[in-house]
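Here is what each chain is made of, one letter per residue.
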Amino acid sequence: MEWMKAGGGIWHGGSAAPGQRVQGFQLWLALSREEENGPSESLYLAPGQIPSDGPARVVIGQYGQARSPLQYAAPLNYLHVKLKAGESWSYQPPAGHQVAWVALASGKLHVSDAVLGKEIAVFEESEAALDFYAEHDTEFVLGSAAKHPHELVLGYYSVHSSAAALRRGEARIQELGRQLRLAQ
């Protein structure tokens, strides 16, 4: 797993090995106003470094007795869950987590009177438990978080808390690209 904090700008690329198929999820999180144009960082974790509790691996946050080694300032849980066919699992978001979403990698999942395939679902704002039932072997990511304190400003390359911060971030990305082209 790669954890990248873009901060004031980062230039990156990557791909699977030739002839290899890879399935993954990319989650973009808004940084705090103090961090959004700050230093960038990148961290790689092997599967064994991501703790789990029951069927849930804790990518960010805490679930049960497992706590992620990644640090994110806002209240957030991001879990990678695997259920066998016929298994049920319930997730109780922590107090203050009113926003929740799920994205399926494989299988068929029943939740909140809906049946989901390979799709993303965003739940109504609530702190209520989410009850999942796997019709087939199912793999998904689940996130819950406190509602963001401000509107987000979306750019081509980034997400920021204000138009001014977006301009600074995108200008930094353009500068990094210019520097890389000159170095070739």
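The text that follows walks through the structure, step by step, so that each part is easy to find.

Thresholds applied
- In this numbering scheme, every chain counts its residues from 1 along its sequence in written order.
- With the structure being a predicted model, the display of local features is reserved for residues of pLDDT at least 70 and the display and counting of side-chain atom pairs for 80 or more, all residues being used for whole-chain, interface and lining totals.
- Just so you know, side-chain values use all the structure's heavy atoms and leave hydrogens and water out.
- A run of H or I in DSSP becomes a helix once it reaches four residues, and a run of E becomes a strand once it reaches two; helices and strands are each numbered from the N terminus.
- Only protein chains enter the area calculation, which uses a 1.4 Å probe; residues under 20% of their type maximum are buried, those over 50% are exposed, and those in between are partly exposed.
- Whether two residues are in contact is decided by their heavy atoms: any pair within 4.5 Å suffices.
- Here the Shrake-Rupley method, with its probe set to 1.4 Å, supplies the accessible areas, and only the displayed protein chains count as covering residues.
- Counted as positive: Lys and Arg. Counted as negative: Asp and Glu, with His and the chain ends omitted from the count.
- Every charge is mapped onto a representative atom, which is NZ of Lys, CZ of Arg, CG of Asp or CD of Glu.
- To pair, rings of Phe, Tyr and Trp, with the six-membered ring standing in for Trp, must have centres within 6.5 Å; the planes then decide the type, stacked if under 30 degrees apart, edge-to-face if over 60, and tilted in the middle.
- Buriedness of a pocket was judged along seven lines, with at least five required to meet protein on both sides within 12 Å; pockets are open sets of points on a 1 Å grid over the protein atoms alone, cavities are sets where a 1.4 Å probe fits but cannot get out, and lining residues have an atom within 4 Å of a point.
- Grid points are joined across faces, edges and corners, and a volume is the space filled by probe spheres set on the points.
- When residue character is reported, Ala, Val, Leu, Ile, Met, Phe, Trp, Tyr, Cys and Pro are called nonpolar, Asp, Glu, Lys and Arg charged, and the others, Gly included, polar.

### Focus on the overall build of the protein
Turning to step 1, where the next piece is worked out: Helix and strand counts for the protein come out as one helix and 16 strands.
Turning to step 2, where the next piece is worked out: Its C-alpha atoms give the protein principal-axis dimensions of about 55 × 45 × 30 Å.
Turning to step 3, where the next piece is worked out: Looking at the protein residue by residue over its 184 residues, the buried ones come to 34%.
Turning to step 4, where the next piece is worked out: For the protein, restricting intrachain contacts to residue pairs at least 6 apart in sequence, the fraction spanning at least 24 positions comes to 64%.
Turning to step 5, where the next piece is worked out: Only carbon and sulfur atoms are counted for the fraction: they give 52% of the accessible area of the protein, which is about 11300 Å².
Turning to step 6, where the next piece is worked out: Counting 15 positive and 19 negative side-chain charges, the protein places the centres of these two groups 9 Å from one another.

### Concerning the packing of aromatic side chains
Turning to step 1, where the next piece is worked out: All told, the structure shown has seven aromatic pairs when counted by the stated rule.
Turning to step 2, where the next piece is worked out: Arranged with centres 5.7 Å apart and planes meeting at 65°, the rings of Tyr63 and Trp89 form a pair that is edge-to-face. Pair noted here: Tyr63 is in strand β5 (residues 62-63) and Trp89 is in strand β8 (residues 88-91), with a separation of 26 residues, a long-range link.
Turning to step 3, where the next piece is worked out: Residue Tyr63 is classed as buried on the basis of its relative accessible area, which comes to 17%.
Turning to step 4, where the next piece is worked out: On the basis of relative accessible area, Trp89 is assigned to the buried category, the value being 9%.
Turning to step 5, where the next piece is worked out: Among the aromatic residues, ring-to-ring pairing joins Tyr63, Trp89, Tyr91, Phe132 and Phe140 into one connected group.

### Quick look at the layout of surface pockets
Turning to step 1, where the next piece is worked out: When its volume is computed, the largest pocket comes out at roughly 1700 Å³.
Turning to step 2, where the next piece is worked out: Lining the largest pocket are 48 residues; nearest its centre among them are Glu2, Phe25, Gln26, Leu27 and Trp28.
Turning to step 3, where the next piece is worked out: At the level of elements, β1 (2-5), β4 (56-60), β7 (76-83), β14 (138-145), β16 (159-160) and α1 (163-183) are the ones that each hand at least two residues to the lining of the largest pocket.
Turning to step 4, where the next piece is worked out: No other element matches the four residues that β1 contributes to the lining of the largest pocket.
Turning to step 5, where the next piece is worked out: There is about 850 Å³ of room inside the second largest pocket.
Turning to step 6, where the next piece is worked out: If you trace the second largest pocket, you find 33 residues lining it, with Trp28, Leu29, Trp101, Ala145 and His148 closest to the centre.
Turning to step 7, where the next piece is worked out: Contributing elements (two or more residues each) for the lining of the second largest pocket: β7, β9 (99-106), β12 (120-122) and β14.
Turning to step 8, where the next piece is worked out: Considering only residue class, the lining of the second largest pocket consists of 24 nonpolar, four polar and five charged.

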